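# Fold and contact review
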Amino acid sequence: MAARRNVSRGVLNISDIPSLLEEYARHNLPRDPSSVHAPSAALNRKVSVLRYDITKVAADAIVNAANNRLAGGSGVNGAIQSAAGPQLLEESLKLHGCQTGDAKVTKGYMLPAKLVIHAAGPIYDQYDKKEANRLLESCYLRSLQVAAENGVKTIAFPSISTGIFGFPITEASPIALNSVRQFLQSAEGMTLERVVFVLFAGEDEKVYRKTIPKYFPPSE
Ligand code: ADP
């Protein structure tokens, strides 16, 4: 699909992003015989992975890989701030920061997404491995909770903490995928219709595509 090859294309509607169910049907994803998770068409219909610029995804909410101060920054945070316009920063500065592992919501302003959920990821080197993993998982779960509380049905995630915060993508992607699976299976997660993992770098997308079949195995 063209959208996967070119991260500089225009606004992308969630309904135009193929789900894992469709990708398996087209043999676009590998299989992982070591998966311990139950295959589920219902889950695979809700989840997608693609390489794109998250600021151009027209979801009910996009997640920002933010910092504790909820201030401007570089990477995906900087891209979201500049695409949303100055009102986003104004609103987020009124939220009194965000603890690592937590998430807070603002409007999307000039973004095609209605809301931005700001999740403060862990800086990899500042914690022992177990704590870094726990905090990253908490970012995904809290973002999804905040989404559900705000009536969000479609949400896009970047790869939290794997840029400047230094979390290796091979360690972060299983945590991201497992947390989303867990949440979608919970009572709280029933109202979510689509969760899209948006990767900016081709290498990161490759890692996700390799890891997905373990957490979301094909249903047929
Ligand atoms: P962190 O500080 O949490 O590590 P970064 O923004 O440095 O956050 O990186 C998080 C991830 O976001 C990285 O994998 C990076 O490639 C990705 N990223 C950067 N810009 C964008 C964008 N416009 N859309 C989607 N992902 C992006």
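Up top is the structure.
Residues numbered from 1 in each chain as written. Predicted model: local features only at pLDDT ≥ 70, side-chain atom pairs only at ≥ 80, totals over all residues. Heavy atoms only, no water.

Turning our eyes to something else, we now look at the site of the ligand. Surveying the vicinity of the ligand reveals 15 residues, the closest of which are Asp53, Val76, Ser161, Gly163 and Ile164. Contacts to the ligand include aspartate 53, whose side-chain N or O atom sits 2.9 Å from a nitrogen atom. Between the ligand and the protein, one listed contact pairs a nitrogen atom with a backbone N or O atom of isoleucine 54 at 3.0 Å. For the ligand, the accessible surface in isolation is 560 Å², of which the surrounding protein chains cover 89%. Considering each element in turn, the shell around the ligand owes the most residues, three residues, to helix H4 (residues 75-84). Here the shell around the ligand is built from residues that sort into eight nonpolar, five polar and two charged. (Near = heavy atom within 4 Å. Polar contact = N/O pair within 3.5 Å; in protein donor to acceptor, adjacent residues only side chain to side chain. Areas by Shrake-Rupley, 256 points an atom, 1.4 Å probe, with all protein chains shown as cover. Helix = DSSP H or I, 4+ residues; strand = E, 2+ residues; numbered from the N terminus. Nonpolar A, V, L, I, M, F, W, Y, C, P; charged D, E, K, R; others polar.)

On to the nonpolar core. Membership of the largest hydrophobic core comes to 43 residues, with the highest contact counts inside it found for Ile155, Phe157, Phe197, Tyr208 and Phe216. Once residues lying within four places of it in the same chain are set aside, the contact partners of tyrosine 208 are Val49, Tyr140, Ser159, Ile169, Ser173, Ala176, Leu177, Phe197 and Leu199. (Core = buried A, V, L, I, M, F, W, Y, C linked by side-chain atoms within 4.5 Å. Buried < 20%, exposed > 50% of the residue type's maximum accessible area, 1.4 Å probe, protein only. Contact = heavy atoms within 4.5 Å.)

The next subject is the pattern of salt bridges. Opposite charge on two side chains lets them pair, provided their charged atoms get close. Scanning the entire structure with this criterion turns up nine salt bridges. A salt bridge links glutamate 131 to arginine 134; the shortest N-O distance between them is 2.9 Å. Here glutamate 131 and its partner arginine 134 are both found in helix H6 (residues 129-149), three residues apart, which amounts to about one turn of the helix. Residue class for glutamate 131 comes out partly exposed when judged on its relative accessible area of 28%. When salt bridges that share partners are traced, they join Glu23, Glu205 and Arg209 into one network. (Salt bridge = Lys/Arg side-chain N within 4 Å of Asp/Glu carboxyl O.)

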